[in-house]
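Spelled out, the chains give:
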Amino acid sequence: MTVGKSVRLFLADGTPGGLLTAEIMNWTGHVVAAPRSDLAGLMKRPEASRTGIYILIGEDPGSVGGSIAYVGEGGDASRRLYQHSRPEAQGGKDFWNRAIILTSKDSNLTKAHVRFLESRFISIALEASRATLVNSTAPDPLALPEADKSDMEYFIMQAKIVLPVLGINIFRTVSVETRSSISSDRFTERGASPLFELHLKKEGLTARAQEIDGEFTVLAGSQARLSWTGRHPSNEGYRRLRENLSRTEPSSPPMMAARCTFVVPKYSGALVPQGRLSWVAQ
């Protein structure tokens, strides 16, 4: 049985594009987000001076998700945001237009906790490949006591639920299970779609996909086009994604080394031929 979640949003200035807070019932975490133009208002918030994680988001048409991001941590998040608001010539960052701070309502997050969270969030973002990440590598996570590590993993699970509600999808990952290992009853219960297959005899290609969490997901092991065919500048992100996800063997079609998600099936044609009507349910 699927368990629902209650996410509470508060628009601090009464506008959807302004400063807002987000919470999940029975979760000690707290999220506050604001556009860069309202950075002063964000820094005045009491939660901004707490120990926490911050995320800087900007636009990058060359990435698959159209975003560029930076993940950081600080004992006083507002000081770090002030530093990043400076021009790049003065050690700041110019790319971002929105800032998000994740803290704890009970102020129980320590420096060790947020350093662990920073490492994990960077690793998750790199795995998801939904945005260009300014953090090129993830620092090694600190060794936490078993109980603390469990608490931080739960914090991450809840953050991955609330952040997409705010339009922050850079941490969205899915756990894909094949239909052979899941009964039809479990598919109905979880709301997952059946597996779809694409066979093109002319090109000798086979691909598999599934709709997961509202997104069309081409699964690892699917075969891609022999050569890149996209010409429009907006396809640059998919070209780079194809290079990153494909394993090329001599005289054989490239094979997807990892799954890839698309908002609608037709966009999968950037990596594997055809679109919605070519996919057949198993």
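As shown above, the structure is provided for reference.
Structural notes, computed from the coordinates. (Residues numbered from 1 in each chain as written. Predicted model: local features only at pLDDT ≥ 70, side-chain atom pairs only at ≥ 80, totals over all residues. Heavy atoms only, no water.)

**Thoughts on the overall build of the protein**
Here comes step 1: Scanning the protein from N- to C-terminus turns up 6 helices and 14 strands.
Here comes step 2: Counting over 282 residues, the protein shows a buried share of 43%.
Here comes step 3: Of the contacts made within the protein by residues no fewer than 6 positions apart, 62% connect residues no fewer than 24 positions apart.
Here comes step 4: Total accessible area on the protein stands at roughly 14900 Å², and carbon and sulfur atoms take up 51% of it. (Helix = DSSP H or I, 4+ residues; strand = E, 2+ residues; numbered from the N terminus. Buried < 20%, exposed > 50% of the residue type's maximum accessible area, 1.4 Å probe, protein only. Contact = heavy atoms within 4.5 Å. Areas by Shrake-Rupley, 256 points an atom, 1.4 Å probe, with all protein chains shown as cover.)

**Remarks on helix α4 (residues 146-165)**
Residues separated by three or four positions in an α-helix point in the same direction, a consequence of the helix having 3.6 residues per turn.
Here comes step 1: Here α4 is 20 residues long and its end C-alpha atoms lie 30 Å apart, about the 28 Å a rise of 1.5 Å per residue gives.
Here comes step 2: Those residues of α4 that fall on the buried side of the exposure criterion are Met152, Phe155, Ile156, Gln158, Ala159, Val162 and Leu163.
Here comes step 3: Summarising the contacts, the buried residues of α4 are in contact with β1 (7-11), β2 (20-24), β3 (29-35), β4 (52-59), β6 (96-104) and α3 (111-128).
Here comes step 4: Following α4 by one or two positions, glycine 167 adopts a phi angle in the positive range, close to 85°. (Expected span 1.5 Å × (residues − 1).)

**With respect to the nonpolar core**
Here comes step 1: Among the nonpolar cores identified, the biggest contains 34 residues, and Val31, Ile100, Leu102, Phe121, Leu163 and Phe171 are the most heavily contacted of them.
Here comes step 2: A total of 7 residues in this core trace back to one element, the largest contributor, which is α3.
Here comes step 3: If near-sequence neighbours (up to four positions away) are discounted, phenylalanine 171 is found in contact with Ile55, Val71, Phe121, Ile124, Ala125, Ala128, Lys160 and Leu163.
Here comes step 4: Counting 16 residues, the second-largest nonpolar core is a separate cluster that includes Ala34, Leu56, Phe95 and Ile101. (Core = buried A, V, L, I, M, F, W, Y, C linked by side-chain atoms within 4.5 Å.)

**Concerning the packing of aromatic side chains**
Here comes step 1: One pass over the structure, following the stated rule, counts 3 aromatic pairs.
Here comes step 2: Considering the side-chain rings of tyrosine 54 and tyrosine 70, the 6.3 Å spacing of their centres and the 35° angle between planes classify their relative orientation as tilted. Note that tyrosine 54 is positioned in strand β4 and tyrosine 70 in strand β5 (residues 67-74), a separation of 16 residues in sequence.
Here comes step 3: A relative accessible area of 14% places tyrosine 70 in the buried class.
Here comes step 4: An angle of 50° between the planes, with centres 4.9 Å apart, marks the rings of phenylalanine 121 and phenylalanine 171 as tilted. Taken together, the residues span a long stretch of sequence, with phenylalanine 121 in helix α3 and phenylalanine 171 in the loop between α4 and α5 (184-190) at a distance of 50 residues. Judged on exposure class, the residue phenylalanine 121 and its partner phenylalanine 171 are both buried. (Phe/Tyr/Trp six-rings, centres within 6.5 Å; stacked < 30°, edge-to-face > 60°.)

**A closer look at the pairing of β4**
Here comes step 1: The buried fraction of β4 amounts to 7 of the 8 residues, a majority that puts the element mostly inside the structure.
Here comes step 2: Pairing of β4 with β5, which is carried by 8 bridges, proceeds in the antiparallel orientation. Following the sheet pairing, leucine 56 is matched in β5 by tyrosine 70.
Here comes step 3: Direction of pairing for β4 relative to β6: antiparallel, over a ladder of 6 bridges. The partner of leucine 56 across the bridge, within β6, is alanine 99. (Pairing = 2+ DSSP bridges.)

**A look at the environment of glutamate 197**
Here comes step 1: Residue placement: glutamate 197 occurs in strand β8 (residues 195-200).
Here comes step 2: In sequence terms glutamate 197 and glutamine 282 are 85 residues apart; their C-alpha atoms lie 6.7 Å from each other.
Here comes step 3: Not counting residues within four places of it along the chain, the set of residues in contact with glutamate 197 comprises Ala207, Arg208, Ser278, Trp279, Val280 and Gln282.

**A few points about the side chain of aspartate 60**
Here comes step 1: Here aspartate 60 is to be found in the loop between β4 and β5.
Here comes step 2: A distance of 2.5 Å separates a polar atom in the side chain of aspartate 60 from a polar atom in the side chain of threonine 132. (Polar contact = N/O pair within 3.5 Å; in protein donor to acceptor, adjacent residues only side chain to side chain.)

**A word on the packing of α3 against α4**
Here comes step 1: Where α3 meets α4, the axes come as close as 10 Å, and the angle between the chain directions of the two elements is 50°. Comparing the axis directions of α3 and α4 gives the class oblique. In this structure, the crossing between α3 and α4 has a hand that is right-handed. Side by side, α3 and α4 meet where His113, Phe116, Leu117, Arg120, Phe121 and Ile124 of the first sit next to Asp148, Lys149, Met152, Glu153, Phe155, Ile156, Ala159 and Lys160 of the second.
Here comes step 2: Its residues placed into classes, the contact of α3 with α4 shows 8 nonpolar, 1 polar and 5 charged. (Axes fitted to C-alpha atoms, helices over the stretch in contact; angles between N-to-C directions. Parallel < 35°, antiparallel > 145°, perpendicular 65-115°, else oblique. Left-handed = near helix turned anticlockwise from the far one by under 90°. Nonpolar A, V, L, I, M, F, W, Y, C, P; charged D, E, K, R; others polar.)

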